[in-house]
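Fold and geometry: a report
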Amino acid sequence: MRNTTKPELAFVLQVESSYGTTEIVASVVYLGDDGRLRNPLWPDYRRPEIARYADFRVHAYLDRDNPRAWGWGHSFTPHKIGDIDHAQTILRMLRKIDKGLNATNTEQGYVDHFAAYLFRIAAILRIRTYYVRNFDKTVEMTGERFGRRDATGVQRWITEHEKQRCQQPAET
């Protein structure tokens, strides 16, 4: 049965590391009927209005040699694109974001921090809610893996991860 109400979309931020590369990744999620954060799926016949957000992410690199996140970008990372409809949906989303970023950059200038870049994309996609992966100590105290944050809280979370990564010893 198709759900007719569009769930509230959010970005969930977490740090991901693989093959010696560390990134801050913001993925689109929604709050499921059970109250848990869910990733949009492609295809999703019960929620086609959010399927277009499946596998979309905003990301930036972290490393010891840079005091701030760098190499920001946005992309889709599907395991496969199975049909023309999926490819066209991704293309429409990327065009919408590029058009919005170009207009905003022309009107307001370019941003100098990953958080501001994320907030611009969130505004284009009309996403107003953010969750961050809690630090281990917070998880121990609350039992919650993710916590809801406002824009200031997201900026602080990103800055804290930038500081932590710069303080890590060199990998050998």
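Before any of the text, the structure's been laid out above.
We now turn to the structure provided with this report. (Residues numbered from 1 in each chain as written. Predicted model: local features only at pLDDT ≥ 70, side-chain atom pairs only at ≥ 80, totals over all residues. Heavy atoms only, no water.)

In this section: empty space enclosed by the protein. Within the structure shown, the criterion is met by 1 cavity of 30 Å³ or more. Its volume calculated, the largest cavity comes out at about 50 Å³. Elements with a contribution of two residues or more to the lining of the largest cavity: strand E1 (9-18), strand E2 (21-31) and strand E6 (129-133). Ranked by residue count, the leading element in the lining of the largest cavity is E2, at 3 residues. Across the lining of the largest cavity, the residue classes break down as 7 nonpolar, 1 polar and 2 charged. (1 Å grid on protein atoms, 1.4 Å probe; cavity = no way out; pocket = protein on both sides within 12 Å on 5 of 7 lines; lining within 4 Å. Points joined across faces, edges and corners; volume = space filled by probe spheres on them. Helix = DSSP H or I, 4+ residues; strand = E, 2+ residues; numbered from the N terminus. Nonpolar A, V, L, I, M, F, W, Y, C, P; charged D, E, K, R; others polar.)

On to the packing of helix H2 (residues 84-108) against helix H3 (residues 114-125), then. At a minimum axis separation of 9 Å, H2 and H3 run at an interaxial angle of 120°. When the interaxial angle is binned, H2 and H3 end up oblique. H2 and H3 meet at a crossing whose hand is right-handed. Touching Met93, Lys96, Ile97, Gly100, Leu101, Thr104, Asn105 and Gln108 of H2 are Tyr117, Arg120, Ile121, Ile124 and Leu125, all from H3. Looking at the contact of H2 with H3 residue by residue, the class counts come to 7 nonpolar, 4 polar and 2 charged. (Axes fitted to C-alpha atoms, helices over the stretch in contact; angles between N-to-C directions. Parallel < 35°, antiparallel > 145°, perpendicular 65-115°, else oblique. Left-handed = near helix turned anticlockwise from the far one by under 90°. Contact = heavy atoms within 4.5 Å.)

With that out of the way, let us pick up H3. For H3, which comprises 12 residues, the first-to-last C-alpha distance of 17 Å matches the rise-based estimate of 16 Å (1.5 Å per residue) to within 8%. Extensive coverage of H3 is indicated by the burial of 10 of its 12 residues. In the stretch just after H3, Arg126 is the one whose phi turns positive, near 60°. (Expected span 1.5 Å × (residues − 1). Buried < 20%, exposed > 50% of the residue type's maximum accessible area, 1.4 Å probe, protein only.)

The residue His59 is located in strand E4 (residues 56-62) in this model. In terms of polar contacts, His59 uses its side chain to reach the side chain of Ser75, at 3.2 Å. Not counting chain neighbours up to four residues away, the residues in contact with His59 comprise Glu23, Ile24, Val25, Gly71, Trp72, Gly73, His74, Ser75 and Phe114. (Polar contact = N/O pair within 3.5 Å; in protein donor to acceptor, adjacent residues only side chain to side chain.)

Take the environment of Ala123 next. Here Ala123 lies in helix H3. According to the relative accessible area criterion, Ala123 is exposed, its value standing at 55%.

Let us now look at the pattern of salt bridges. Considering all chains together, one arrives at 5 salt bridges under this definition. Note that Arg57 and Glu23 form a salt bridge whose closest N and O atoms lie 3.1 Å from each other. Of this pair, Arg57 sits in strand E4 while Glu23 sits in strand E2, and the two are 34 residues apart along the sequence. Across this residue pair, the class does not change: Arg57 and Glu23 are buried. Between Asp33 and Arg47 there is a salt bridge; the shortest N-O distance is 3.2 Å. Residue Asp33 is found in the loop between E2 and strand E3 (37-38), and its partner Arg47 is found in the loop between E3 and helix H1 (48-51); the two are separated by 14 residues along the sequence. Residue classification places Asp33 among the exposed residues on the basis of a relative accessible area of 72%. Residue class for Arg47 comes out buried when judged on its relative accessible area of 7%. The network of salt bridges with common partners includes Glu16, Glu23 and Arg57. (Salt bridge = Lys/Arg side-chain N within 4 Å of Asp/Glu carboxyl O.)

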